[in-house]
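Chain by chain, the residues run as shown.
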Amino acid sequence: MRVLLVGAGGVGTAVTRIAARRDFLTHMVVADYDLGRAEAAVSALGARGGRFTARRLDASDEDAVRRMLVVERCDVLLNATDPRFVMPLFQASLEAGTHYVDMAMSLSEPHPSRPYEECGVKLGDEQFAAAGRWTEAGLLALVGMGVEPGLSDVFARYAADELFDDIEEIGIRDGADLTVEGFDFAPSFSIWTTIEECLNPPVVYEKDRGWFTTAPFSEPEVFDFPEGIGPVECVNVEHEEVLLIPRWVDARRVTFKYGLGDEFIARLRTLHALGLDSTAKVTVPGGDGPVRVSPRDVVAACLPDPAGLGDRMTGKTCAGTWVKGTKDGTPREVYLYHVVDNEWSMSEYGSQAVVWQTAVNPVVALELLASGAWSGKGVLGPEALPPRPFLDLLTEYGSPWGLREEI
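Residues numbered from 1 in each chain as written. Predicted model: local features only at pLDDT ≥ 70, side-chain atom pairs only at ≥ 80, totals over all residues. Heavy atoms only, no water.

**Points about the overall build of the protein chain**
Next up, step 1: In terms of helices and strands, the protein chain carries 14 helices and 20 strands.
Next up, step 2: Against the compact-globule benchmark of 22 Å for 407 residues, the protein chain has a radius of gyration of 20 Å, which places it among compact chains.
Next up, step 3: Seen through its C-alpha atoms, the protein chain measures out along the principal axes to roughly 60 × 50 × 45 Å.
Next up, step 4: Residues counted as buried form 57% of the 407 residues belonging to the protein chain.
Next up, step 5: Residue pairs in contact within the protein chain that sit at least 24 positions apart in sequence constitute 70% of those at least 6 positions apart.
Next up, step 6: As presented, the protein chain carries roughly 16,400 Å² of accessible surface, and 48% of it is formed by carbon and sulfur atoms. (Helix = DSSP H or I, 4+ residues; strand = E, 2+ residues; numbered from the N terminus. Rg over C-alpha atoms; globule rule 2.2 N^0.38 Å. Buried < 20%, exposed > 50% of the residue type's maximum accessible area, 1.4 Å probe, protein only. Contact = heavy atoms within 4.5 Å. Areas by Shrake-Rupley, 256 points an atom, 1.4 Å probe, with all protein chains shown as cover.)

In structure tokens, the structure reads:
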């Protein structure tokens with residue numbers, strides 16, 4: 001399999017380190033707007049880097065992406081950029097006749113008059129609108145194939161297939177006890193993406209009502225996370241699983257709640273109050289005259305790069321899917337989860353826990369596609385495909401998952 005990886009940030013670099021250890025990969029082109037970053041990702045592989053090359057590529061330039069896919073004879077494009085670039089990469093893959101995998105989905109837009117009651121443009125709507133073209137072309141766009149969304153969706157399908165006869169609720173619950181020495185505020189993942197998903201109206205799904213929205217940070221609950229992380233308060237956040245799972249898994253309610261903490265939420269609220277979460281460009285003075293910049297990009301530039309925090313980070317991160325329903329007429333409640341210890345991911349791969357946990361899942365998916373264990377046409381989420389091959393291969397990668405009975 002020949003892969004074009006677009007994005008050589010923390011997650012993209014972790015992808016190269018994981019994929020370099022697997023035999024399914026024939027060649028990976030590592031492309032980034034910053035050629036130096038792509039070259040650094042490849043050079044860090046050392047003796048394992050023979051199947052990797054670095055290229056400069058602007059992810060917003062659809063024609064350039066299409067040309068690179070054709071020239072490099074790629075079988076699949078793996079998108080490791082932030083969600084702004086989903087659509088040009090998605091469309092370039094279709095035009096090039098190349099399969100596509102991403103870890104997030106096309107962006108949402110709040111309802112113009114009732115943002116906290118009704119959905120406007122939902123996450124992934126633009127991609128699903130093109131599903132027919134992908135099916136007609138005989139190509140697969142596997143969307144939301146990271147950890148959340150991604151592994152969490154695989155867990156949902158596994159629960160529906162093997163653990164439950166009837167599902168009342170599926171709730172994605174994400175929490176951690178990570179700390180970063182020397183920083184009062186240092187998000188462990190892209191602040192651009194974090195702002196997008198945390199300050200947009202959260203989406204909830206109910207079978208009798210469909211998709212609807214609530215206010216940011218609504219419905220707080222304390223969830224007890226496994227492997228020593230312990231209780232963390234979680235709140236509703238906009239996330240792709242709520243838009244994906246109901247398309248393929250029968251459940252009466254689907255939610256996503258994220259363990260953010262009061263201090264983190266307060267900082268996000270402040271950014272919003274000051275307009276610093278905006279992506280609309282504003283004019284500011286510059287050394288060579290006025291320049292136009294996005295406030296959110298400025299915030300991201302002022303914070304430390306999450307990929308470089310691993311040496312100062314301690315603790316674990318947990319991604320998981322809580323499911324409530326019945327099996328053989330008996331109530332059942334389980335939490336399927338995946339925990340990564342930062343000490344382990346740093347010592348084994350040199351990548352901090354959150355970016356490594358995100359990166360391992362698309363690599364597993366690529367290997368399943370290369371072997372034929374996963375296949376399909378159209379625009380599909382992870383829950384549209386058989387879960388057992390994925391979970392078995394994830395364990396083979398040295399990163400097992402867990403199941404905790406809740407009742």
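**Description of the pattern of salt bridges**
When charged atoms on two side chains of opposite charge get close, those side chains can pair.
Next up, step 1: Summed over all chains, the structure comprises 28 salt bridges.
Next up, step 2: Where E405 meets R332, a salt bridge forms, and the shortest distance between an N and an O atom there is 2.4 Å. One end of the pair, E405, is in strand β20 (residues 402–405); the other, R332, is in strand β18 (residues 330–341), with 73 residues separating them in the sequence.
Next up, step 3: Close ionic contact of R404 with E406 constitutes a salt bridge, the shortest N to O distance being 2.5 Å.
Next up, step 4: Judged by its relative accessible area of 22%, R404 is partly exposed.
Next up, step 5: A relative accessible area of 28% places E406 in the partly exposed class.
Next up, step 6: One network of salt bridges, in which partners are shared, links E169, R173, E206, E219, E221, R253 and K257. (Salt bridge = Lys/Arg side-chain N within 4 Å of Asp/Glu carboxyl O.)

**Here we look at the pairing of strand β2 (residues 27–32)**
Next up, step 1: Of all 6 residues in β2, 6 are buried, a share of seventy percent or more.
Next up, step 2: A two-sided burial pattern is seen for β2, the buried positions comprising H27, V29 and A31 on one face and M28, V30 and D32 on the other.
Next up, step 3: Once you follow strand β1 (residues 2–6) into helix α1 (residues 10–19) and on to β2, the crossover reads as right-handed.
Next up, step 4: The pairing of β2 with strand β3 (residues 52–56) spans 5 bridges and is classified as parallel. Counted as the bridge partner of V30 is A54 from β3.
Next up, step 5: Once you follow β2 into helix α2 (residues 35–43) and on to β3, the crossover reads as right-handed. (Right-handed = clockwise from strand over helix to strand, strands pointing away. Pairing = 2+ DSSP bridges.)

Structural measurements only, silent on function.
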